[in-house]
Amino acid sequence: MGWVALGLLMASAVGAQQAVDAPHVRAELLLEDRGLASDGRQWAGVLLSPEKGWHVYWQNPGDSGLATRIEWTLPGAISAGEIRWPYPHAEALGPLTNYGYSDPTLHLVPLTTRGLAGDTANLSAKVNWLVCSDVCIPGSATLSLDAPVSADVERDADSAEVFSEARAQLPQDWPGEAPLHAVSGNSFSLAIPGPWTAADRVEYFPIPNDLVDHAQPQRIVIDDGVLRLSQSLSAFHGGVGDTVDGVVVVRTDDAPTQAFSLRSTAGEVAPVSASTTPANEAAPEVKSPNAPGLAWVLLLAFAGGLILNLMPCVFPVLSLKAMAVIRSRDQSARHRQVHALAYTAGVIVSCVGIAALLLGLRAGGAAIGWGFQLQSPVVVGALAYVMFTLGLSLSGLFALGGRWTGMGQNLTQANGATGSFFTGVLAVVVASPCTAPFMGTALGFALVQDPLTAAAVFAALGLGLASPFLLIGFVPAAARLLPKPGAWMESFKQFMAFPLYLTAVWLVWVAGQQAGPGVMALLLGGIVLIAMAVWALSRPGKAWRGVTVVAAVLALAVLVQPALRAPPPQAATAAQGESVYSDARFDALRAEGKTVFVNFTADWCITCKVNERTTLSRDHVQQAFRDHDVTYLKGDWTRSDPAITRVLERYQRSGVPLYLVSVKGSTPQVLPQTLTPDIVISAVSAPPAAP
């Protein structure tokens, strides 16, 4: 539009108006009248004109950014009010959603004069802004103008259009009944009495920055003339007051856009279901520019599940199944197929069950993702018990009997389909600490879809995990590649107990990291009690059976001790050379043009630890960090942390690891989940993305 040209024309109307051409923004100070009145109220404005492809920010900048600020230096007889903000539009910046202006926008400010004397007066304004495209650049300018002073001033005809159009973009008071708001589960909901029409396309911009997750879609329905809108809460949501201010923008075909200021009050508002078809489907939406298709996601999930077989956390359980497969080499094809299908069913049912649990808990407001169960020391301790007990069984100290068919003899000897099924279940449970390549994208996509789509993605993951055993079961040539059964199998079976013991040790260490060294001592005591129970089980007589029961009960009692309840998240700490991640810290570093590497990790995440040992701690990677002045931020997800969960969701990830690199303030780039030194060094040394 012609506001820039108009501003230049106005430069001749009032003396010494100043415009500043800053990087990617032109800033001008304008006065609506041809001079300043001795007494009265007038309007000034700061016109910010970003270059094409750049934008500045609204009073609530959204997921990142900074609102424009104006600091006035005025004669004592003049006072300036607050900025009157035009309604904004949403800007997608990678996975973030911000609110601002990409067109020339006049920031209106009221001026009040009382007894202004003299022939002229000077208005000076220091304007600070953040202008962003692929990179963000903080900017500022000191603008001033000298205006004649008189009792009566005339309206400047040249300024009429720019001020008139600016006023047209100011939100008006809501003319209808007062809206209500409520928080239910993980959603903020708003009810705005109409009248509304089906043609109305509505966007809501809350004033509080920490109220909603700006990148999440707004779910809107119209019932009986009342528009209801729901949006997921922000990860930094700290509560809702009795009133909430915001702006609602209404667009209708063949009619001017309207904006209204809303002040909602707390009340009862039914949230809009995530499965509800929005009433304003045609409304502007902010979407991920690279959202993958379902077929591609299913393929990624299958590949991730297949590769998961090679990850270290799955190895102890898969070794058990490998024993069963080898035994089945000389059995009938039908026998192998039944066990392969049972194992596959166990894996897929478990994966879909995890999907249902994740979606259900998230719908109830929980901020969780893949591997969430390992954030509980109780679950970690119970898994340590299971691994240790299975190890004792493989070592030949006892054989689990018929009452333990699910996890017992059948598990290690594959004498029944039930055993194969539960081996599949156990494989999924112990796979939680690992994330294979391609899994992150697939599961992150699944968790924001409808339940049926999410179940399909998780089922594809399970099918990939089970596919090697399906291949052996249904392809005779593959079965013939297996070694022949023999006496060597007993030694091999006993040897395979040691990976289980090591897994138990690792799980006890994880529980200690979560809840302190006292918990490690408790769990080790519980493991000794399990050993005692197994030892007594091999002794003849009822008295020894009683010892077994008592020892087993005492071991289980350890798991309900208060010490194992995860304490509330404490202030996060970071090692030397690291800083604790926060959105504010990340945004500030990017605004300063720093290069930042972010590591979202957890102590129970084996993939994370492998990457840290094989890549991030390597000398030449650390040297690259120093050479490029990289700031290293760490987000620890060992214990439940909703703030980090929201960040993972923002980047469409269901769990850790997640690695981000922002070079000199550029848009964050997501690195693969399996790192190599070359990947990291190339990322931090690459030039920033061109604007």
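Residues numbered from 1 in each chain as written. Predicted model: local features only at pLDDT ≥ 70, side-chain atom pairs only at ≥ 80, totals over all residues. Heavy atoms only, no water.

S.K.: Just to check I follow, could you spell out the overall build of the protein chain for this structure?
M.R.: Broken down by element type, the protein chain carries 20 helices and 25 strands. Taking all 691 residues of the protein chain together, 51% fall into the buried category. Within the protein chain, residue pairs in contact and separated by at least 24 positions form 74% of the contacts whose partners lie at least 6 positions apart. When the accessible surface of the protein chain is summed, it comes to about 29,500 Å², and 59% of that surface belongs to carbon and sulfur atoms. (Helix = DSSP H or I, 4+ residues; strand = E, 2+ residues; numbered from the N terminus. Buried < 20%, exposed > 50% of the residue type's maximum accessible area, 1.4 Å probe, protein only. Contact = heavy atoms within 4.5 Å. Areas by Shrake-Rupley, 256 points an atom, 1.4 Å probe, with all protein chains shown as cover.)

S.K.: Please explain the side chain of His 55 as it appears in this structure.
M.R.: Locating His 55 in the fold gives a position in the loop between strand 4 (40-50) and strand 5 (56-62). At 3.3 Å, the side chain of His 55 forms a polar contact with the side chain of Tyr 57. Once residues within four sequence positions are removed from consideration, His 55 is found in contact with Pro 50, Glu 91, Asn 98, Tyr 101, Ser 102, Leu 130, Val 131 and Cys 132. (Polar contact = N/O pair within 3.5 Å; in protein donor to acceptor, adjacent residues only side chain to side chain.)

S.K.: Honestly, the pairing of strand 18 (residues 226-232) in this entry has me stumped. Any pointers?
M.R.: Within a regular strand, side chains alternate between the sheet's two faces. Along strand 18, 6 of the 7 residues are buried, which leaves the element largely enclosed by surrounding structure. The pairing of strand 15 (residues 187-193) with strand 18 spans 7 bridges and is classified as antiparallel. Residue pairing in the sheet places Ser 187 in a bridge with Ser 232 of strand 18. When strand 17 (residues 219-223) meets strand 18, the two strands line up antiparallel, connected through 5 bridges. The residue bridging Val 221 from the neighbouring strand is Arg 228, located in strand 18. Linkage of strand 17 to strand 18, two consecutive antiparallel strands, is achieved through a turn of 2 residues, within which Asp 224 is found at a positive phi near 50°. (Pairing = 2+ DSSP bridges.)

S.K.: Could you clarify how one ought to interpret the environment of Val 386 in this entry?
M.R.: Tracing the sequence through the fold places Val 386 in helix 6 (residues 377-394). For Val 386, a relative accessible area of 28% corresponds to the partly exposed category. In this structure the C-alpha to C-alpha distance between Val 386 and Ala 504, which are 118 residues apart in sequence, comes to 8.1 Å.

S.K.: Teacher, can you tell me more about the sheet that holds strand 21 (residues 579-580) here?
M.R.: Sheet strands associate in pairs through backbone hydrogen bonding, adopting either a parallel or an antiparallel arrangement. Across the sheet, which stays open at both edges, the 5 strands sit in the order 21-23-22-24-25 with mixed pairing between neighbours. In the strand order of this sheet, the two ends are held by strand 21 and strand 25 (669-670), each with one partner. Bridging between strand 22 (residues 595-601) and strand 24 (residues 658-662) involves 5 bridges; their strand directions are antiparallel. Paired with Phe 600 across the two strands is Leu 658, which belongs to strand 24. On the sheet, helix 19 (residues 642-650) packs against strand 22, strand 23 (630-636) and strand 24 and is oriented at approximately 110° with respect to strand 22. (Axes fitted to C-alpha atoms, helices over the stretch in contact; angles between N-to-C directions.)

S.K.: Sorry if this is basic, but what is going on with the packing of aromatic side chains here?
M.R.: In this description, a pair of aromatic rings is defined by centroid distance and the angle of the planes. Under the counting rule described, the total for this entry stands at 17 aromatic pairs. Geometrically, the ring pair formed by Phe 498 and Tyr 501 is edge-to-face, given 5.8 Å between the ring centres and 80° between the ring planes. Taken together, the positions of Phe 498 and Tyr 501, both in helix 13 (residues 497-515) and 3 residues apart, correspond to about one turn of that helix. One aromatic cluster in this structure is built from Phe 388, Phe 495, Phe 498 and Tyr 501. Cation over ring: Arg 539 sits above Trp 544, and NZ or CZ is 5.6 Å from the ring centre. In this structure, Arg 590 is placed above the aromatic ring of Phe 586, and the distance from its NZ or CZ to the ring centre is 5.8 Å. (Phe/Tyr/Trp six-rings, centres within 6.5 Å; stacked < 30°, edge-to-face > 60°. Lys NZ or Arg CZ within 6 Å of the ring centre and 35° of its normal.)

S.K.: Explain helix 6 to me, please; I cannot follow it from the model alone.
M.R.: Owing to its 3.6 residues per turn, the α-helix aligns residues three or four sequence positions apart on the same side. If you check helix 6, its first and last C-alpha atoms are 26 Å apart, about what 18 residues at 1.5 Å a residue would give, namely 26 Å. Of all 18 residues making up helix 6, 13 are buried, and the element is well covered by its neighbours. In the segment just after helix 6, Gly 396 is the residue with positive phi, at about 90°. (Expected span 1.5 Å × (residues − 1).)

S.K.: Can you help me understand a nonpolar patch on the surface in this one?
M.R.: Taken together, Leu 341, Leu 471, Phe 474 and Val 475 make up a surface patch of nonpolar side chains, about 340 Å² in accessible area. With respect to the element layout, Val 475 can be found in the loop between helix 10 (451-474) and helix 11 (476-480). (Patch = residues over 30% accessible without salt bridge, like charges linked within 9 Å, V, L, I, M, F, W, Y side chains within 5 Å. Salt bridge = Lys/Arg side-chain N within 4 Å of Asp/Glu carboxyl O.)

S.K.: Is there a simple way to explain the packing of helix 14 (residues 517-537) against helix 15 (residues 542-558) in this structure?
M.R.: Axis separation between helix 14 and helix 15 bottoms out at 8 Å; the angle between their running directions is 160°. The pairing of helix 14 with helix 15 is recorded here as roughly antiparallel in orientation. Note on packing geometry: the crossing formed by helix 14 with helix 15 is left-handed. On helix 15, the residues touching Leu 522, Leu 523, Gly 526, Leu 529, Ile 530, Met 532, Ala 533, Trp 535, Ala 536 and Leu 537 of helix 14 are Trp 544, Arg 545, Val 547, Thr 548, Ala 551, Ala 552, Leu 554, Ala 555 and Val 558. Partitioned by chemical class, the residues of the contact of helix 14 with helix 15 number 16 nonpolar, 2 polar and 1 charged. (Parallel < 35°, antiparallel > 145°, perpendicular 65-115°, else oblique. Left-handed = near helix turned anticlockwise from the far one by under 90°. Nonpolar A, V, L, I, M, F, W, Y, C, P; charged D, E, K, R; others polar.)

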